[in-house]
Amino acid sequence: GNEENTEEELEEVTLVLDWTPNTNHTGLYVAESKEYFEEEGLDVEIVMPGEAGADQTVASGQAEFGISYQEQVTEARTQDIPLVSIAAVIQHNTSGFAAPVEKEITSPADFAGKTYGGWGAPVESAVIDALMKQQDTSVEDVEIVNMGNTDFFTAVKRDVDFAWIYYGWTGIEAELRGTEIDMIYLTDYSEKLDYYTPVITTNETMTEENPETIKKFMAAVSRGYQDAIDNPSEAADILAEAVPDLDEELVHASQKWVSPKYQDDADRWGEQSTEVWSNYAEFMFENDLLERELDVEAAFTNEFLPE
Amino acid sequence: MSTLVLENITKRFGEQMILDKLDLQVNDGEFVSLLGPSGSGKSTIFHLIGGLYQADQGMIRLDNETINGKKGSISYMPQTPSLFPWRTVLENVILNVELYQKPDKQKALEMLERAGLKDYANAYPHELSGGMRQRVAFVRSLLSPQSFICLDEPFSSLDEFTRLEMQKWLLSIWEQERPSVLFVTHNIEEAIFLSDRILVLGSKPANVIKEFSIDFERPRNEKLTLSTAFLETKKEIYQTLRGVLDV
Amino acid sequence: MSTLVLENITKRFGEQMILDKLDLQVNDGEFVSLLGPSGSGKSTIFHLIGGLYQADQGMIRLDNETINGKKGSISYMPQTPSLFPWRTVLENVILNVELYQKPDKQKALEMLERAGLKDYANAYPHELSGGMRQRVAFVRSLLSPQSFICLDEPFSSLDEFTRLEMQKWLLSIWEQERPSVLFVTHNIEEAIFLSDRILVLGSKPANVIKEFSIDFERPRNEKLTLSTAFLETKKEIYQTLRGVLDV
Amino acid sequence: MFRKSILPISVMIIILIIWEVSTRFFDIPTWVLPAPTVIIQEAISGWDNYQHHILSTVTLIVSGFAIGISVGLIIAIVLHILPKIREALYPLLIMSQNIPIIVLAPLLVIWFGFGVTPKLLIITLVCFFPIAVSTIDGLRHTNPELIHYMKMAGASKRQIFTKLELPYAVPQMFSGLKISATYSVMGAVISEWLGANQGIGVYMTLASSSFRTDRVFVAILFIMILCLIFFAIIIAAEKIILKWHPSKEDQ
Amino acid sequence: MFRKSILPISVMIIILIIWEVSTRFFDIPTWVLPAPTVIIQEAISGWDNYQHHILSTVTLIVSGFAIGISVGLIIAIVLHILPKIREALYPLLIMSQNIPIIVLAPLLVIWFGFGVTPKLLIITLVCFFPIAVSTIDGLRHTNPELIHYMKMAGASKRQIFTKLELPYAVPQMFSGLKISATYSVMGAVISEWLGANQGIGVYMTLASSSFRTDRVFVAILFIMILCLIFFAIIIAAEKIILKWHPSKEDQ
Ligand SMILES: Nc1ncnc2c1ncn2[C@@H]1O[C@H](COP(=O)(O)OP(=O)(O)OP(=O)(O)O)[C@@H](O)[C@H]1O
Ligand SMILES: Nc1ncnc2c1ncn2[C@@H]1O[C@H](COP(=O)(O)OP(=O)(O)OP(=O)(O)O)[C@@H](O)[C@H]1O
Ligand SMILES: [Mg+2]
Ligand SMILES: [Mg+2]
């Protein structure tokens, strides 16, 4: 970077989050707080998308970067939406099906006869079915209700027995509350379901016309996540300070849990592999979740990650 | 079968004293008219009797029952027709009966016919002329079940003949059923023709300046209005009223 | 400076024929009264002249200009006061002037004083008595800038003396400025006292049954009403009207 | 009725044409803004897929709207008859409109589960307010001359209310009804986001999350059609009930 | 004014007490339904953290509401004066209320970015409708006797409008204003979900996503307070403007 850059020369870019800030985003806030972006000559505005969601905004060029999920990018690309994933924030899928211990759901076979609370997407039943097939049961025995925006803890109070959560946030909250839950990770039961969630995205216009900007951006972000990996507690402080309305205790606990997962077994933070992308795309296609097959190579790239 | 007594009634609107210690009595079966300058307080007296306003002071008694602020004890025809725009003429005239019992539409239709409104039973008020609306309001008050009747300029918008018709009709009803009537008019002849007694009101604040007993024989008919005695009385009342205005 | 001519005017409401080939003329500076039974169509004639309704047939001309359906050519006082409840008395009387020019409040106040409403300039209409509202509407029409004046029973709610005051006032204005006036009333004496000519309307459908020229000398004063000639005329008109109603 | 709809329909058609042409001209991708023809095509070809959604939503709207206006009217009437209660509860009424549904959702779920009850509650919450406010205001502005007459005639409060104030408030009530009707459709769609297995709202979120903007617009299309139908019913009822009104005549 | 607020305030206090007692009695966890005392405590201790959110939202509401009612009034007036246009556009008006904001959101962001424009648009969209509908209805129900008088007096359409219809519609307009004012606050909060960095809506979603139910309720508390303040302003204005109304007197 060229530190001598005066402020007015900073290039303004917008980054749209997937939802509210959480520990998936820590690296971004660290990069901002430690002025890594400035050092790269960027002025980054981090925006919460609210109901709008990031994908279309990024694809249309209203924002340069966004946070999304592999599943979304896959679906978007098969609809000709020019979204490209440029980094995996967390190497392995940390999501899974959770249930309070008293529901006695410890393996996918226990799903049978229980009620699942989801948001009504077809992918849910496909994934549940994939897990249950491993144990010779089928999603047909599961009652699926749509719980909309209702959060996990509220939902399981009522008709719902289990739901799909990120352990790094909701699971940690459960720990803090002393609510004991059983967690069934997707990765434990199916290779194909070890997809990237979340990922950092940009659009094709950017990759074609502004690769330099992306490089600079990724350089700063990488440093941010590296710091978060090296020093979870300091990173958590930065996030909590940047977004004071978050619960500080949750941020710290979550950060401690998430930090080692950012890079995990990869060579460097953000690395994505063709195998993961094609695995999940295949899974989706096989389950009629995609209308056509994904051009895997175009969906992601590692070229903007720093060496 | 009703005697109305107003005793020592005082009424103010804001600063303005409208009635000052007014005394007034309508005996059982008596027909009393009120004459007085515009704005003197005649309608206000009705509003007090009807219980719409509270007197600042004094007592209003109907058959020895105090009715200060008590509503619904009189049958009332307001100065403006106050018809309900969404009700037809027929529905309007039975409004008052409806408040107390199941209305007798046949009787209402007969009354409307008498008032020359037979063809308009199903018209809405906005389709009527001013005088027709007034007649509707008059029929409505006649249909009311109360036995004490207060009429506030009921015939002001009628031509002389329709007016005479209505007067004669009113008298015929009065002679049959002998309700007590308190009647406001600006027409001295009308007052003399109809009343047993005429009260002339002064102004600012209003009070009964003079009282005239009208002793012409009943039943009366229109010929009376041509008699000298009638014209004599008229002149006298006229002079009194003029005096009121000059004060 | 206005001559009004109605030629061959026919007006129906639905099935009902109200006016049938009516002819009527008011000459420049003339004061013409309309007498006729309630519901005969007097107000309707005004509504036609004022352009509110369209005649089904016939021509209305003011100074040779056809004004069928043309509004705003006359100064008009409706049968009901039609005051704006959110405007004070003063604001109400200048309403009409406002439509054409900047109103002269001083003049309006003087007029109100003349009408005995000086103390009520800032009152709202609901604070007035019926007769007072009528006077407000009267003042409003007098203040209107148009030179042809149509008055629909302007004094029906006034006591005899206030009424006489208003009549004299109207006459004094009329004698000064000589507007053409078309005047509806149910009071025959009033019609004779004020008019140059009286038209008696028949009913269902209405038409001019008879015309009376009133040639009493001007300026007139109230003594006129006691003269035999006056009483004679009155009787005659009375008979005509009675005839109309008997038909 | 028919002649009257020519104008709005032509305006609609013009808008659609402009829309169609500009999407083609500027080459706007379908996922940003699908052309009307694309939407119609999807509406036709997908009919079998989504018709059950529409049916479910319509049921929800009708029952929710019925409950909503009943509640609104009852509240208005009670608050009008009992002014003390009005003073006490009016602020609460207003507050009720400011509980963000997103926040209410978890509570509703805890109390009522994922069934139809919380959804009806939300529609009711959305619907009752305009009709209640309009009716209260309408009732309070009854012509005082007529009220005076009724009082003098000895009408009881109830009679004044049923015979005078209520009919007098009808025009204003209809203003509220129109607003409520409009919102009821939206309310139903929102309520479905609270957790439902079918309905236009569900169809729409699914379409939205899988980037099928054309389907999102199909959903909007049906929402609008439903809404217009509702509105038309209200206006027809208004025409019938207010037929006495003189202002209708010279127009 | 003061005496009048005693009643609603006592009702509020009673509700709060019931709420407080039942949360304690049934031992309801804070993350399900925090007790009022907990909320107040958080409201006080967190003041420094969230006051900028409130300021930002208030600015948004005030400007959005101002634009919204202006648009609503202008639309009502134009549609009233030009009945042809009314026929053509009224259905579109109704439709405008049925574009789900959640669907509009991505489009608005794509068209206008994350600035203040799309937010004001949403508030306007939410606000303008009740005032427009009420005003149109109010204008149409002007006392026909007075209209006849004005016509006979030769008043131009504009004069009839400004001197008669507009003042006559004022009571009904205020019904609409009250509904609009109520919605403007909610509209602002919703608009912030469209992507904003501060505001009560942002504060609320943040609180909600980190399971801080007490803070969510602090947000609701402020939404309600804001809403009541707005409503009170409208009612005060109504009192002043409608002071001539006789119905006010005998109450
Ligand atoms: N609600 C009110 N508020 C204030 N003043 C009022 C009210 N009602 C009547 N007044 C005043 O009381 C006085 C008497 O009014 P009232 O209507 O009784 O007169 P009236 O004798 O019936 O006159 P008219 O013959 O013109 O009908 C008037 O000066 C009027 O201004
Ligand atoms: N808008 C209307 N719709 C239907 N019929 C009407 C309408 N206006 C007036 N009429 C009818 O026209 C006839 C004449 O009415 P108009 O008001 O002209 O009478 P008028 O001579 O002024 O009577 P009055 O002396 O009672 O005021 C009446 O029979 C009335 O019913
Ligand atoms: Mg009176
Ligand atoms: Mg008339």
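Not measured: the values here are computed from a predicted model.

Looking at the overall build of chain A
Line of reasoning, step 1. Within chain A, the regular secondary structure consists of 13 helices and ten strands.
Line of reasoning, step 2. The C-alpha radius of gyration of chain A comes to 19 Å, within 12% of the 19 Å expected for a compact globule of 307 residues.
Line of reasoning, step 3. C-alpha extents for chain A along the principal axes are approximately 65 × 45 × 35 Å.
Line of reasoning, step 4. In chain A, which comprises 307 residues, the proportion classed as buried is 61%.
Line of reasoning, step 5. When contacts within chain A are restricted to residue pairs at least 6 apart in sequence, those whose partners lie at least 24 apart make up 81%.
Line of reasoning, step 6. Carbon and sulfur atoms make up 39% of the accessible area of chain A, which amounts to about 12000 Å² in all.

Section: the coordination of the magnesium ion (ligand 4)
Residue and element names in this part refer to chain C.
Line of reasoning, step 1. Coordination of the magnesium ion (ligand 4) by the protein involves Ser 43 (OG) and Gln 79 (OE1), with metal-donor separations of 1.9 to 2.1 Å. Taken as a pair, Ser 43 in helix α1 (residues 42–49) and Gln 79 in the loop between β6 (75–77) and α2 (89–93) lie far apart in primary sequence, 36 residues in all.
Line of reasoning, step 2. Ser 43 sits in the buried class, given a relative accessible area of 16%.

As for the site of ligand 1
Line of reasoning, step 1. Residues in close proximity to ligand 1 total 22 residues, the closest being Lys 42, Ser 43 and Thr 44 of chain B together with Ser 129 and Gly 131 of chain C.
Line of reasoning, step 2. Neighbouring residues of ligand 1 are not confined to one chain but are distributed across chains B and C.
Line of reasoning, step 3. The backbone of Glu 127 of chain C places a nitrogen or oxygen atom 2.7 Å from an oxygen atom of ligand 1.
Line of reasoning, step 4. Within the complex, the protein chains bury 93% of what would otherwise be the 630 Å² of accessible surface of ligand 1.
Line of reasoning, step 5. Elements supplying a minimum of two residues to the shell around ligand 1: α1 (42–49) of chain B together with α5 (130–143) of chain C.
Line of reasoning, step 6. Within the shell around ligand 1, the residues separate by chemical class into six nonpolar, twelve polar and four charged.

Points about the interface of chain E and chain D
How big an interface is tends to be reported as the loss of accessible area on association of its parts.
Line of reasoning, step 1. Each side of the interface is counted separately: chain E has 65 residues, and chain D has 64 residues.
Line of reasoning, step 2. Summing both partners gives a buried area of about 5700 Å² for chain E against chain D, and 73% of it is carried by carbon and sulfur.
Line of reasoning, step 3. It is Met 95, Asn 98 and His 141 of chain E in chain E that bury the most area against chain D; as a group they hold 11% of the surface buried on that side.
Line of reasoning, step 4. Here chain E and chain D share two salt bridges between them.

As for the sheet that holds strand β1 (residues 4–13) of chain B
Residue and element names in this part refer to chain B.
Line of reasoning, step 1. Taking strand neighbours across the sheet as the criterion, the four strands line up as β2-β1-β4-β5 in an open arrangement whose pairing is antiparallel. With one partner strand each, in any of the chains shown, β2 (16–26) and β5 (65–66) form the two edges of the open sheet.
Line of reasoning, step 2. For β1 and β2, the ladder comprises seven bridges, and the chain directions are antiparallel. Each residue of the ladder has a partner; that of Leu 6, found in β2, is Leu 24.

Quick word on the nonpolar core
Line of reasoning, step 1. Counting residues in each nonpolar core, the largest one holds 219 residues, and the members touching the most others are Phe 97 and Phe 111 of chain A together with Leu 4 and Leu 182 of chain C.
Line of reasoning, step 2. Every residue in contact with Phe 111 of chain A, bar those within four places of it in the chain, is listed here: Phe 97, Ile 105, Ile 128, Leu 131, Met 132, Val 142, Phe 162 and Ile 184 of chain A.
Line of reasoning, step 3. With 66 residues, the next largest nonpolar core counts Val 156, Ile 229 and Tyr 262 of chain A together with Val 109 of chain D among its residues.

Observations concerning the UniProt feature "transmembrane region" (unreviewed entry) in chain D
Line of reasoning, step 1. Under the UniProt annotation, the feature "transmembrane region" (unreviewed entry) is placed at residues 7–26, 54–82, 89–114, 120–139 and 216–237 of chain D.
Line of reasoning, step 2. Annotated as 95% helix and 0% strand, the span residues 7–26 of chain D places its first and last C-alpha atoms 28 Å apart.

Some points on the site of ligand 2
Line of reasoning, step 1. The environment of ligand 2 is formed by 22 residues, the closest being Ser 129 and Gly 131 of chain B together with Lys 42, Ser 43 and Thr 44 of chain C.
Line of reasoning, step 2. One finds residues of chains B and C in close proximity to ligand 2.
Line of reasoning, step 3. Measuring from an oxygen atom of ligand 2, one finds a backbone N or O atom of Gly 130 of chain B at 3.4 Å.
Line of reasoning, step 4. A distance of 2.7 Å separates an oxygen atom of ligand 2 from a polar backbone atom of Gly 131 of chain B.
Line of reasoning, step 5. Here ligand 2 has 640 Å² of accessible area as a free molecule, and 92% of this is covered by the chains.

Focus on the pattern of salt bridges
Where charged atoms from two side chains of opposite charge come close, those side chains can pair.
Line of reasoning, step 1. Tallying each qualifying case throughout the model produces 45 salt bridges over all chains.
Line of reasoning, step 2. Across the salt bridge formed by Glu 271 of chain A and Arg 268 of chain A, the nearest N and O atoms sit 2.6 Å from each other.
Line of reasoning, step 3. When its relative accessible area of 23% is taken as the criterion, Arg 268 of chain A is described as partly exposed.
Line of reasoning, step 4. Counted as one network, the salt bridges with shared partners bring together Glu 291 of chain A together with Glu 42, Arg 212, Asp 214 and Arg 215 of chain D.

Here we look at the packing of helix α4 (residues 70–78) of chain A against helix α12 (residues 274–286) of chain A
Residue and element names in this part refer to chain A.
Line of reasoning, step 1. Put simply, α4 and α12 touch, their axes get as near as 11 Å, and they point 65° apart. Classified by the interaxial angle, the pair formed by α4 and α12 is roughly perpendicular. Every pair of crossing elements has a handedness; the one defined by α4 and α12 is right-handed. Taken together, the residues of α12 that come into contact with α4 (itself represented by Gln 70, Glu 71, Val 73, Thr 74 and Glu 75) are Val 276, Trp 277, Tyr 280, Ala 281 and Met 284.
Line of reasoning, step 2. A per-class count over the contact of α4 with α12 returns six nonpolar, two polar and two charged.

Quick look at the pairing of strand β8 (residues 180–184) of chain C
Residues and elements named next belong to chain C.
Line of reasoning, step 1. Counting buried residues in β8 gives five out of five residues, a clear majority hidden from the surface.
Line of reasoning, step 2. Along β8, one buried face is formed by Ser 180, Leu 182 and Val 184 and the opposite face, lined by Val 181 and Phe 183, is buried too.
Line of reasoning, step 3. Strand direction decides the pairing type here: strand β7 (residues 148–152) and β8, joined by five bridges, are parallel. Residue Ile 149 lies in a different strand from β8, and its bridge partner there is Val 181.
Line of reasoning, step 4. Handedness of the crossover joining β7 and β8 through helix α6 (residues 160–177) is recorded here as right-handed.

Quick notes on the environment of Val 133 of chain E
Line of reasoning, step 1. Summarising the element assignment, Val 133 of chain E is placed in helix α6 (residues 117–140).
Line of reasoning, step 2. Residue Val 133 of chain E is classed as buried on the basis of its relative accessible area, which comes to 0%.
Line of reasoning, step 3. Sequence separation of Val 133 of chain E and Ala 219 of chain E is 86 residues, and the distance between their C-alpha atoms is 31 Å.
Line of reasoning, step 4. Beyond its immediate stretch of four places on either side in the chain, Val 133 of chain E contacts Ser 175, Lys 178 and Ile 179 of chain D together with Tyr 90 of chain E.

Quick look at a nonpolar patch on the surface
Line of reasoning, step 1. A cluster of nonpolar side chains, Ile 9, Ile 13, Ile 17, Val 21, Phe 25 and Phe 26 of chain D, forms an exposed patch at the surface whose accessible area comes to about 650 Å².
Line of reasoning, step 2. What makes Ile 13 of chain D partly exposed here is its relative accessible area of 44%.

Quick notes on the sheet that holds strand β3 (residues 31–35) of chain C
Residues and elements named next belong to chain C.
Line of reasoning, step 1. The strand order across the open sheet formed by six strands is β6-β7-β8-β3-β9-β10, and the pairing between neighbours is mixed. Of all strands in the sheet, those bounded by a partner on one side alone are β6 and β10 (208–213). Recorded for the sheet is a direction-independent mean angle of 15° between the axes of neighbouring strands.
Line of reasoning, step 2. Here four bridges tie β3 to strand β9 (residues 197–201), and the two strands are oriented parallel to one another. Directly across from Val 32, in β9, lies its bridge partner Arg 197.
Line of reasoning, step 3. Against the sheet, α5 touches β6 and β7, its axis set at about 175° to β6.

Procedures and definitions
- Residues numbered from 1 in each chain as written.
- Chains lettered and ligands numbered in written order.
- Predicted model: local features only at pLDDT ≥ 70, side-chain atom pairs only at ≥ 80, totals over all residues.
- Heavy atoms only, no water.
- Helix = DSSP H or I, 4+ residues; strand = E, 2+ residues; numbered from the N terminus.
- Rg over C-alpha atoms; globule rule 2.2 N^0.38 Å.
- Buried < 20%, exposed > 50% of the residue type's maximum accessible area, 1.4 Å probe, protein only.
- Contact = heavy atoms within 4.5 Å.
- Areas by Shrake-Rupley, 256 points an atom, 1.4 Å probe, with all protein chains shown as cover.
- Donors = N, O, S within 2.8 Å, 3.2 Å for Na, K, Ca; no water.
- Near = heavy atom within 4 Å.
- Polar contact = N/O pair within 3.5 Å; in protein donor to acceptor, adjacent residues only side chain to side chain.
- Nonpolar A, V, L, I, M, F, W, Y, C, P; charged D, E, K, R; others polar.
- Buried area = accessible area lost by both parts, 1.4 Å probe.
- Salt bridge = Lys/Arg side-chain N within 4 Å of Asp/Glu carboxyl O.
- Pairing = 2+ DSSP bridges.
- Core = buried A, V, L, I, M, F, W, Y, C linked by side-chain atoms within 4.5 Å.
- UniProt positions renumbered as here; feature names shortened; annotations may be inferred.
- Axes fitted to C-alpha atoms, helices over the stretch in contact; angles between N-to-C directions.
- Parallel < 35°, antiparallel > 145°, perpendicular 65-115°, else oblique.
- Left-handed = near helix turned anticlockwise from the far one by under 90°.
- Right-handed = clockwise from strand over helix to strand, strands pointing away.
- Patch = residues over 30% accessible without salt bridge, like charges linked within 9 Å, V, L, I, M, F, W, Y side chains within 5 Å.

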